[in-house]
Amino acid sequence: MPLSTTHAVFIRETLTGILFCLLIYGVVFAFPLLGVFVLLLLPLPVLFYRLKIGRNSGLLIAGVSFFILVLMAKGVALDTLYFGLLLATGMVLGECLEQHMSIQKTMGLASLIAAGVVFAALMVYTISQERTISTLMTDYMNQSLSIARQLSPEIGMDPDMTQKLISSMMIVMPGMFMISFMTTVWLNILIIRKILKLKGITIKSIEHLNLYKAPDMLVWVFIGCAMALMIPSDPVKIFGINCLIVLMLVYFFQGIAVVSFFFQQKNTPMALKGFCYFLIAVQVYVLILVIGLGFFDNWIDFRKLSASRK
């Protein structure tokens, strides 16, 4: 009798996780503008039920949800593969959190696996389509711009301007993809931490994120990438630009950790914290200030100074 009850709970919880994934699909397909934000939560059902029920449940939720997505899309495309990557990310995060890996190792491992999977998938996809990656990505961006014009007819752009925009996006696309993926991972870690805390579960490796500090060696990597921009070689410049984009996000995370630390130390009211975070999100100058705060925290160590003064 207890065995059948356990099986019933396993089936019920797994089906619930699959339904949550299908709900996210529905929002993404029915409301594209809202779906851009809702899609960030796709790893969450897999992550939550992976931690709650176990590895088998997480694998079933990710596998069945991806299979249903392929049926809905009537094939495999770049968007479908990205959805599958997000589902797999939920499993990776679940494994890392269960092993109590640090936030740096969790983010790094998830990002490296994602980069490897995307590169391999693009290679296989381009070979099967008998097209180059450049042609494939150019067509994809043209299609995205076409959809954007349909959603917002007031968007007007002549062909020359469109090609210049596509050429610029091709240069920074790897870096933009990585910061989008890393932001998704960070967001899901923040949400799962809140959910677990509500259930009375604490994972020490993600408990004090406002003490996060990037490795010191990344400062020299940042300086090296900045110097690479002065080298008269396009591949080197492209590599340096994309690395700088990713490193700016890393120091943004550190800057946000510093801001959060001071909010906690000063017992800042929730309304004021919400306003400050909103300002960071919408004002590019404030965003750059937070990135600089994270970068110079490696030398000044603002949080240590605050603790000593207190």
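Scroll up to find the structure.
The residue numbering used here restarts from 1 in each chain and proceeds along that chain's sequence as written. In keeping with the predicted nature of the model, local features appear solely for residues at pLDDT of at least 70, side-chain atom pairs appear and are counted solely at 80 or more, and the whole-chain, interface and lining totals rest on all residues. Side-chain figures throughout are based on the complete set of non-hydrogen atoms in the structure, without hydrogens or water.

A. Examining the overall build of the protein more closely. Comment: elements are numbered from the N terminus, with helices defined as DSSP H or I runs of at least four residues and strands as E runs of at least two. Counting secondary structure elements, the protein contains 13 helices and zero strands. Shown N-terminal to C-terminal, the secondary structure of the protein runs as helices and strands in the order α-α-α-α-α-α-α-α-α-α-α-α-α. Rg of the C-alpha trace for the protein: 21 Å, near the compact-globule value of 19 Å for 310 residues, within the 12% margin. Note on exposure labels: buried denotes an accessible area under 20% of the residue type's maximum, exposed denotes more than 50%, and partly exposed covers the range between, all computed with a 1.4 Å probe on protein chains only. The 310 residues of the protein split such that 36% are buried. Pairs at least 24 residues apart make up 73% of the contacts formed inside the protein by residues separated by at least 6 positions. Shrake-Rupley sampling with a 1.4 Å probe provides the accessible areas, and residues are treated as covered by the protein chains on show and by no other component. Accessible area of the protein: about 18000 Å², with a carbon and sulfur share of 72%. When charges are counted, Lys and Arg are positive and Asp and Glu negative, with His and the chain ends excluded. A single reference atom marks each charge: NZ on Lys, CZ on Arg, CG on Asp, CD on Glu. Where the 22 positive side-chain charges of the protein centre and where its 14 negative ones centre are 13 Å apart. Atoms counted for the radius of gyration: C-alpha only. Globule rule: 2.2 Å times the number of residues to the power 0.38. Residue contacts are defined here by distance: any two heavy atoms, one from each residue, within 4.5 Å place the two residues in contact.

B. Layout of empty space enclosed by the protein. Think of a 1 Å grid over just the protein atoms. A cavity is a set of points where a 1.4 Å probe fits yet cannot get out, a pocket is an open set with protein on both sides within 12 Å along at least five of seven lines, and lining residues have an atom within 4 Å of a point. Grid points are joined across faces, edges and corners, and a volume is the space filled by probe spheres set on the points. Applying the stated criterion across every chain, the model contains one cavity of 30 Å³ or more. Approximately 30 Å³ is the volume found for the largest cavity. Together, Arg193, Leu196, Lys197, Ile201, Thr202, Ile203, Ile206 and Glu207 line the largest cavity.

C. Structural detail: the layout of surface pockets. One number sums up the size of the second largest pocket: a volume of about 1400 Å³. Elements with a minimum of two residues in the lining of the second largest pocket: helix H8 (159-198), helix H10 (234-265), helix H11 (270-282) and helix H12 (284-300). Gly falls in the polar group here, along with every residue not listed as nonpolar (Ala, Val, Leu, Ile, Met, Phe, Trp, Tyr, Cys, Pro) or charged (Asp, Glu, Lys, Arg). Looking at the lining of the second largest pocket residue by residue, the class counts come to 24 nonpolar, eight polar and five charged.

D. Summary view of the nonpolar core. Throughout, nonpolar core names a set of buried Ala, Val, Leu, Ile, Met, Phe, Trp, Tyr and Cys residues whose side chains join them through atoms within 4.5 Å. In terms of nonpolar packing, the biggest core is built from 59 residues, with Leu42, Ile103, Met107, Ile189, Tyr212 and Phe252 touching the most fellow members. Beyond its immediate sequence surroundings of up to four residues, tyrosine 212 is in contact with Ile103, Gln104, Trp186, Val250, Phe253, Gln254, Ala257 and Arg303. Counting eight residues, the second-largest nonpolar core is a separate cluster that includes Leu78, Leu136, Met141 and Ile166.

E. Inspection of unusual backbone geometry at higher detail. Backbone geometry places histidine 100, a non-glycine residue, at a positive phi of 55°. Here histidine 100 is to be found in the loop between helix H5 (78-98) and helix H6 (103-129). Phi is positive for aspartate 301, which is not a glycine, with a value near 55°. Tracing the backbone shows aspartate 301 in the loop between H12 and helix H13 (302-309).

F. The arrangement of the packing of aromatic side chains in detail. Within 6.5 Å between ring centres, the rings of Phe, Tyr and Trp (the latter by its six-membered ring) count as paired, and their orientation is classed by plane angle as stacked under 30 degrees, edge-to-face over 60, tilted in between. Scanning all chains against the criterion turns up 16 aromatic pairs. Between the aromatic rings of tryptophan 186 and tyrosine 212, the centroid separation amounts to 5.9 Å while the plane-to-plane angle is 70°, which identifies the pairing as edge-to-face. Pair noted here: tryptophan 186 is in helix H8 and tyrosine 212 is in the loop between H8 and helix H9 (217-228), with a separation of 26 residues, a long-range link. Tyrosine 212 matches tryptophan 186 in its accessibility class, with the two residues each being buried. Ring centres of phenylalanine 222 and phenylalanine 295 lie 5.0 Å apart, and the angle between their planes is 45°; this geometry places the pair in the tilted category. Placement of the pair is phenylalanine 222 in helix H9 and phenylalanine 295 in helix H12, with a sequence separation of 73 residues. Aromatic rings pair up to connect Phe222, Tyr251, Phe295, Phe296 and Trp299 into one cluster.

G. Quick look at the side chain of threonine 184. Tracing the sequence through the fold places threonine 184 in helix H8. Leaving out residues up to four positions away in the same chain, threonine 184 has contacts with Leu40, Pro43, Tyr82 and Leu86.

H. Fine view of the packing of helix H3 (residues 43-52) against H5. Lines fitted to C-alpha atoms define the axes, with helix axes restricted to the stretch in contact, and inter-axis angles between N-to-C directions lie between 0 and 180 degrees. As a packed pair, H3 and H5 sit with axes 7 Å apart at the nearest point and diverge in direction by 35°. Both H3 and H5 take part in a crossing whose hand is right-handed. For the pair H3 and H5, contact is made by Pro43, Val46, Leu47, Arg50 and Leu51 and by Leu86, Leu87, Thr89, Gly90, Met91, Leu93, Gly94, Glu95, Leu97 and Glu98, respectively. Here the residues of the contact of H3 with H5 sort into nine nonpolar, three polar and three charged. Crossing handedness is defined as follows: a turn of the near helix away from the far one that is anticlockwise and smaller than a right angle gives a left-handed crossing, while the clockwise case is right-handed.

I. Structural view of the pattern of salt bridges. Should a side-chain nitrogen of Lys or Arg be within 4 Å of a carboxyl oxygen of Asp or Glu, the pair is scored as a salt bridge. Here the structure, examined in full by the defined rule, presents seven salt bridges. Note that lysine 52 and glutamate 13 form a salt bridge whose closest N and O atoms lie 3.2 Å from each other. In this pair, lysine 52 sits in helix H3 while glutamate 13 sits in helix H1 (residues 2-30), placing the two residues 39 residues apart along the sequence. In this structure, aspartate 297 and arginine 303 form a salt bridge, with 2.6 Å as the shortest nitrogen-oxygen distance. Linked by salt bridges that have partners in common, Arg50, Arg55, Glu95 and Glu98 make up one network.

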